[in-house]
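Chain and residue survey
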Amino acid sequence: MKLEGVLPAVRNMKDFDYILKSDHELFIILETRIAQLPQIAQYARKFNKRVLVHADLINGLKVDQYGMEFLVRHVKVDGIISTRANVISMAKKSNIVAIQRLFAIDSSAIDKNIELIEKTKPDYIEVLPGIIPSVIRKIAERTGIPVIAGGLIKKEEDIRNALNNGAVAITTSNKELFDL
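Below: a short report on this structure. (Residues numbered from 1 in each chain as written. Predicted model: local features only at pLDDT ≥ 70, side-chain atom pairs only at ≥ 80, totals over all residues. Heavy atoms only, no water.)

Side note on the side chain of Glu126
Summarising the element assignment, Glu126 is placed in strand 8 (residues 124–128). Residue Glu126 is classed as buried on the basis of its relative accessible area, which comes to 1%. (Helix = DSSP H or I, 4+ residues; strand = E, 2+ residues; numbered from the N terminus. Buried < 20%, exposed > 50% of the residue type's maximum accessible area, 1.4 Å probe, protein only.)

Now the structure itself:
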């Protein structure tokens, strides 16, 4: 699965309804309860949407081998976003899209995350905050893995800056940016 452009990240049912009627082929579920997740994914598939789940943010979900089995076999997610290496490794073994989330809080954190990424080899890296073009460029160049920019993206200019500096896509929960 190739990720590009604006990737909507859904936090509430109003935005979920909007995405179902949109031209977006996929979206990210950021926050929900584990009990709601199967129905959300099933309903999304009726509208031919692909579902990525931020596994760390699903209330009630423990992402161990059994939690991953639940996501892959029962919910049938198309991909996972996580900050945790073991979750990325399990996603890769399950043949779904694996997105490693990286918080660029300082140089040391970036270096440690890149070391981790070299071991897990995710399909994509999501860099937060996604508004620092030089960091996006550095991570894309150092890893050779496609970078997604996320966090603090507030306007169209932020999207352009990220995409012009090495990001292949951006994630946003700002509904006003979904269709840019």
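The rest of the description comes next.
A look at the pattern of salt bridges
Per the stated rule, a full pass over the model turns up nine salt bridges. Here Glu31 makes a salt bridge to Arg11, at a shortest N to O gap of 2.7 Å. Within this pair, whereas Glu31 is found in the loop between strand 2 (26–29) and strand 3 (32–33), its partner Arg11 is found in the loop between strand 1 (5–10) and helix 1 (13–21), the two being separated by 20 residues in sequence. Looking at Glu31, the relative accessible area reads 37%, which means it is partly exposed. A salt bridge links Asp111 to Arg142, with the shortest nitrogen-to-oxygen separation between them at 2.8 Å. Here Asp111, found in helix 5 (residues 107–120), pairs with Arg142, found in helix 6 (residues 133–143); they are 31 residues apart in sequence, far enough to count as distant. Taking the relative accessible area as the measure of exposure, Arg142 reaches 40% and is therefore partly exposed. (Salt bridge = Lys/Arg side-chain N within 4 Å of Asp/Glu carboxyl O.)

Section: unusual backbone geometry
At the junction of Leu128 and Pro129, the peptide bond is cis and its omega measures out at -5° in the coordinates. Examined against the element boundaries, Pro129 turns out to sit in the loop between strand 8 and helix 6. Backbone geometry at Lys76 places phi at a positive 65°, although glycine is not the residue there. Inspection of the secondary structure puts Lys76 in the loop between helix 3 (65–75) and strand 6 (79–82). Unlike most non-glycine residues, Lys121 shows phi in positive territory, near 50°. In this fold, Lys121 is placed in the loop between helix 5 and strand 8. Among the residues examined, Lys121 registers a relative accessible area of 53% and is labelled exposed.

Re helix 7 (residues 156–164)
What helix 7 keeps buried is the set Asp158, Ile159 and Ala162. Summarising the axial view, the buried residues of helix 7 lie within an arc of 100°, below the 170-degree limit, and thus occupy one face. Those residues of helix 7 that are buried are in contact with strand 1, helix 6, strand 9 (147–150) and strand 10 (167–172). Gly166 lies just past helix 7 and shows a positive phi near 110°. (Arc of directions from axis to C-beta. Contact = heavy atoms within 4.5 Å.)

Quick look at helix 5
Counted at 1.5 Å a residue, the expected span for helix 5 with its 14 residues is 20 Å, and the 20 Å between its end C-alpha atoms agrees. Among the residues of helix 5, Ala109, Ile110, Asn113, Ile114, Ile117 and Thr120 are the ones counted as buried. All buried residues of helix 5 lie within an arc of 135° about the axis, which places them on one face of the element. Set apart from the buried face of helix 5 by more than 90 degrees, the exposed residues are Ser107, Lys112 and Lys119. Structurally, helix 5 contributes buried residues whose contacts are with helix 4 (85–93), strand 7 (97–103), strand 8 and helix 6. Structurally, the start of helix 5 carries an N-cap: the backbone nitrogen of Ser108 is 3.2 Å from a side-chain oxygen of Asp106. Where helix 5 ends, the next residue or the one after it, Lys121, has phi of about 50°, a positive value. (Expected span 1.5 Å × (residues − 1). Polar contact = N/O pair within 3.5 Å; in protein donor to acceptor, adjacent residues only side chain to side chain.)

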